[in-house]
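Reading the structure
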Amino acid sequence: MKQTIPAFRRTLLAGAALLLTAQAHAQSVDTATAPASATPAEQQTVVVLGSRSAAKTALDTAAPVGLINMKDMQNAGPLELGKLMQTLDPSFNFSSTFISDGTDIIRPATLRSLGPDQLLVLINGKRRHQQALVNVQQTVGRGSAGTDINAIPLSAIHHIEVLRDGAAAQYGSDAIAGVINIVLKSNINETQLSGQLGTTSEGDGDNYSGSVNRGWALGSDGGFINVSAEGRVRKETNRAGLDTARTNPPRVTQRIGDSDAKDAYLWLNAALPFGKDGGEFYAFGGASKRKGDSSGFFRAADDARTVPQIPGYENGYLPNIRTTVKDASLAVGYRQDLPNDWKVDVSVNHGRSELAFHEKNTVNVSYWYEPKPDGSGIYAASPLEADTGKLKFDQTTFNLDFKGPLNLGGANLFFATGFEWREDNYQIVAGDPVSYQYGRTNNPNIDIFDRFGGIAASGTQGFPGYTPSTEVDEGRHNIALYGDLEYRPTPELLLAGAVRYEKYSDFGNTTTGKITARWDPSKQVGVRGSYSSGFRAPGVQQAFYSSVSTNLNADGVLTETLTARQDSAVTRALGIAPLKEETSRNASVGIVLRPMQNFSFTADVYQIKIKDRIVFSSNISEDINGAVVGAVLRPLKVGQAQFFTNAVDTTTRGLDIVTDYKMPLPGATLTLSAQLGFNKTEVTGRHSTSSILSGEELFDASQVTLIEHGQPRRHHVLAADYTRGPWNVNARANYYGEVKGQGFTPGFIQTWDAKWIADLTLRYNFTKKLSIAGGINNLFDTYPTEWDKKGAAPFPQLGFTHCWETCPFGINGRSMYVRADYAF
């Protein structure tokens, strides 16, 4: 805390300096000197998120909405949408992870420090499907299956709207933390080409990106089709230190950093007017394929999971996890103008996500040592690679929406109503037999011994395959009815309300509501606030997922770990009730100030209370109620179990401050902005339905630390953008507050201190069509705090140098890039 307070004070001072500079300069500069191209009207962008009435500017909304435009995206540097949004919006977090199986390629995206599945993502206003991967490792978003934000290419995006307010009553389940709406490009008769090359100052992490976006007119009445193709390659970074605990002489044994990744995308956005009455067919969506190459934990030479007879394995080996992510979606619909300014919109939206695992540089130890009648072992062969299974998720959504004005008793209202039907399906496909078998016969009643005489581990090392017993192909459907109403009793006052009813095929129904108000006593001042109830249904991934994997136990020892399906024989034996929905209460109040031309200031304070939050339990082993737990786990030949459960209540409180000033200068323009995010989540209750496990045992202190401190409680973004003639300079500083973790060091809390990360971009516009830019991200080569070499043992001795379970800005250090953009 002593180190973070000065940084916090610097943040406030920087924000205050920005405000004072804006006010002083606005009084001394004649606005007539502003270039014609910098007029406020041309720079305003309207948003549709948060209301179904007419589009508004972001400063006129009744709830806080952030905007990210194409210029922001061009100047930010990151090639991944998740990292880019984290750089530009302090309410958004995209924590870096490694040695986390599938989470290395599909990283968790969160809003306001809540879970990935408490954030709803829309594309062109339509619900985006979730990912197939469940985050089951000790990372941010543990136990959740959110939206794979990196499955959307930057080249297809026109702008992004971020609603920082609970909106389950408006948009349905998952919108507890807020909503992100990604609006696709619709330009025509222009081809946009972009290319970027980059690397790190360590000489690794080379990355390449190329994209083309082209729009064509369809017909003569405003129809269009816009297509984007994009490809990216990211080489690995490795910041692992020497392994002094398991190798002699010490050497680097781990891969700790960004994994290798290759991405390809093809997306489209299209609309075709029909008839003379305002009818229009539309379609949008796309496909992506991404390949990842990461690793598990090193298996040392003296580990029973190592087979020294295999060439190259004599001194230990590092299991290699290959992943392939396939994602595709398509929405088609028809919208029509109706009499009296009403509109109807009918659409069908289908999306799917698939994650396939392939293990290389591995071995099934139980294939190598099998028992003889006298109890001794025999030597046999095992494949050294195998497919280890697939996860699949698909979602189909049908929407029928009506909206338009109403006149009731002389009162002018705007009303929207609609119906939604949605079906979710989840599938687990087993891997090759060698990836999961316990010996060639897979007979759990026969003991197979390793080379040290212990019980041999089953399945492939690194990532054991999904088994036939964990295979599943299940789903559910739900229907929803909603109504939105907006009323202006006076031009200065807006009152709005929403109610939504949803019924699920597997757990019942729920009704949520929201009330919103906005009062503008003058053009310079606005006050806004909202109160809403929300819910999140258990994801089908959480309801049907199960697996056996190799994880660390409380003593830092690799242990076979069962993820038990909810309402299974294991969870029933331990007294864990089936999953139910989590509920929330959101409240916010804010102020909007526009005291002068080109200057704005907003501040919004909020509180989010969540009851019966669905979480992933702690590792349950024989250390807890040994006789009973042991009787459940031993027959399954696993050392610990974990599962999904409604185990905790949480409260999140925060403050968002956003200020922006467009400063006109003679022949130039300077834009200054500050976004200050303050956020604190607390676990207010832990509870259990089990008579065997208490709430504190079910969700232990290490998991509480991950929820409360795994994401920065403070994230601020300060930026300055200067344009003069063909030159543009963009400087940005991100402040990430401290984070903490103890998931792998029970009883010891490791703290990673708050840090500033500075980025700089210089762009030269040769013409209106051609520009070249060079940039440096993390200008001062800032790294997270190093691991505590005593309290966090043995991880520093295993080669862990910085963070692991929670890394807000990663561990790559400084990176540089060049970028070219050309349009014709």
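Let me sum up the structure you'll find in this document.

Basis of the calculations
Residues numbered from 1 in each chain as written. Predicted model: local features only at pLDDT ≥ 70, side-chain atom pairs only at ≥ 80, totals over all residues. Heavy atoms only, no water. Helix = DSSP H or I, 4+ residues; strand = E, 2+ residues; numbered from the N terminus. Rg over C-alpha atoms; globule rule 2.2 N^0.38 Å. Buried < 20%, exposed > 50% of the residue type's maximum accessible area, 1.4 Å probe, protein only. Contact = heavy atoms within 4.5 Å. Areas by Shrake-Rupley, 256 points an atom, 1.4 Å probe, with all protein chains shown as cover. Lys, Arg positive; Asp, Glu negative; His and termini not counted. Charge placed at Lys NZ, Arg CZ, Asp CG, Glu CD. Pairing = 2+ DSSP bridges. Axes fitted to C-alpha atoms, helices over the stretch in contact; angles between N-to-C directions. Patch = residues over 30% accessible without salt bridge, like charges linked within 9 Å, V, L, I, M, F, W, Y side chains within 5 Å. Salt bridge = Lys/Arg side-chain N within 4 Å of Asp/Glu carboxyl O. Polar contact = N/O pair within 3.5 Å; in protein donor to acceptor, adjacent residues only side chain to side chain. Disulfide = S-S within 2.5 Å. Core = buried A, V, L, I, M, F, W, Y, C linked by side-chain atoms within 4.5 Å. Phe/Tyr/Trp six-rings, centres within 6.5 Å; stacked < 30°, edge-to-face > 60°.

Some points on the overall build of the protein chain
When its secondary structure is counted, the protein chain shows twelve helices and 38 strands. On C-alpha atoms alone, the protein chain measures out to a radius of gyration of 27 Å, which is about the 28 Å that the 2.2 N^0.38 rule sets for 824 residues. With the C-alpha coordinates of the protein chain rotated into their principal frame, the extents come out at 95 × 55 × 55 Å. In the protein chain, which comprises 824 residues, the share counted as buried stands at 58%. For the protein chain, restricting intrachain contacts to residue pairs at least 6 apart in sequence, the fraction spanning at least 24 positions comes to 71%. A total of about 31600 Å² of accessible surface is found on the protein chain, and carbon and sulfur atoms cover 57% of it. Within the protein chain, the 83 negative side-chain charges are centred at a point lying 4 Å from the centre of the 79 positive side-chain charges.

Side note on the sheet that holds strand β3 (residues 65-69)
Judged by pairing direction, the sheet is mixed, and its five strands sit side by side in the order β3-β8-β9-β6-β7 without closing on themselves. Either end of the sheet is taken by a strand with one partner, and the two such strands are β3 and β7 (126-127). Of the pairings in the sheet, the one linking β3 to strand β8 (residues 157-163) comprises five bridges and is antiparallel in character. Paired with Leu 67 across the bridge in β8 is Glu 161. Sitting on the sheet, helix α4 (residues 81-88) is in contact with β3, β8 and β9 (178-184), with an inclination near 55° to β8.

As for a nonpolar patch on the surface
A surface patch of nonpolar side chains, amounting to about 400 Å² of accessible area, comprises Trp 519, Val 527, Val 589, Ile 591 and Val 605. Assignment of secondary structure puts Val 589 in strand β27 (residues 582-596). When its relative accessible area of 45% is taken as the criterion, Val 589 is described as partly exposed.

A look at helix α12 (residues 701-709)
Of all nine residues making up α12, eight are buried, and the element is well covered by its neighbours. What α12 keeps buried is the set Ser 702, Gln 703, Val 704, Thr 705, Leu 706, Ile 707, Glu 708 and His 709. In this structure, the buried side of α12 is in contact with β28 (599-616), β30 (640-665), β31 (668-686) and β34 (739-741).

Examining the pattern of salt bridges
For the coordinates displayed, the defined rule picks out 42 salt bridges. We note a salt bridge from Arg 500 to Glu 420, for which the minimum N-O separation is 3.5 Å. Residue Arg 500 is found in strand β22 (residues 493-504), and its partner Glu 420 is found in strand β20 (residues 411-429); the two are separated by 80 residues along the sequence. The class of Glu 420 is buried, set by a relative accessible area of 6%. Each of Glu 236, Arg 255, Asp 260, Asp 293 and Arg 322 takes part in a single network of salt bridges with overlapping partners.

Considerations on the pairing of strand β33 (residues 727-736)
Counting buried positions along β33 yields seven of ten residues, so the element is predominantly enclosed. The antiparallel pairing of strand β32 (residues 714-724) with β33 creates a hairpin that spans two residues between the two strands, and Gly 725 there sits at a positive phi of about 60°. Summarising the sheet, β33 and strand β36 (residues 755-765) pair through ten bridges and their orientation is antiparallel. Residue pairing for β36: Ala 733 is matched across the bridge by Ala 758.

With respect to the side chain of Arg 290
For Arg 290, the location among the structural elements is in strand β14 (residues 279-295). Its relative accessible area of 2% is what places Arg 290 among the buried residues. Among the polar contacts listed, one links the side chain of Arg 290 to the side chain of Asp 148, at a separation of 2.5 Å. Not counting residues within four places of it along the chain, the set of residues in contact with Arg 290 comprises Ile 105, Ile 106, Asp 148, Asn 150, Ala 151, Lys 262, Asp 263, Tyr 265, Thr 323, Thr 324 and Val 325.

Examining the environment of Val 683
The topology assignment puts Val 683 in strand β31. Residue Val 683 is classed as buried on the basis of its relative accessible area of 17%. Spatially, the C-alpha atom of Val 683 lies 10.0 Å from that of Arg 613, the residues being 70 residues apart in sequence. The residues contacting Val 683, other than those within four sequence positions of it, are Val 648, Asp 649, Thr 650, Val 704, Ile 707 and Glu 708.

Side note on the state of the cysteines
By the definition in use, this model includes one disulfide. The disulfide bridge from Cys 803 ends at Cys 807, spanning 2.1 Å between sulfur atoms. The sign of the 130° torsion about the S-S bond sets the Cys 803-Cys 807 disulfide as right-handed. On the basis of relative accessibility, which here comes to 2%, the residue Cys 803 falls in the buried class. Accessibility expressed as a relative area gives 0% for Cys 807, which makes it buried.

What to know about the pairing of β32
Bridge count for β31 against β32 is eleven bridges, and the pairing is antiparallel. The residue bridging Thr 671 from the neighbouring strand is Asp 721, located in β32. Where β32 lies against β33, ten bridges are found, and the strand directions are antiparallel. Within β33, the position partnered with Ala 720 by the bridge is Ala 731.

Some points on the nonpolar core
If you look at the biggest cluster of nonpolar residues, it comprises 37 residues, and the most contacted ones within it are Leu 81, Met 85, Phe 92, Ile 157, Ile 160, Ile 180 and Ile 182. Ranked by the residues each element gives to this core, the list is headed by α4, at four residues. Grouped together as the second largest cluster of nonpolar side chains are 27 residues, Val 136, Ala 261, Tyr 426 and Val 540 included.

Quick notes on the packing of aromatic side chains
Each pair of aromatic rings is reported with the distance of its centres and the angle of its planes. Inspection of the entire model under this criterion finds 25 aromatic pairs. Between Phe 616 and Phe 644, the ring centres sit 4.8 Å apart and the planes meet at 40°, which makes this aromatic pair tilted. Of this pair, Phe 616 sits in strand β28 while Phe 644 sits in strand β30; the two residues are 28 residues apart in sequence, bridging distant segments of the chain. On the basis of relative accessibility, which here comes to 1%, the residue Phe 616 falls in the buried class. Of the residues examined, Phe 644 reaches a relative accessible area of 1% and is grouped as buried.

Examining a positive patch on the surface
Where like charges cluster on the molecular surface, the positive patch consists of Lys 235, Lys 262, Lys 289, Lys 291, Lys 326 and Arg 352. In this structure Lys 262 comes out as exposed when scored by relative accessible area, which is 52%.

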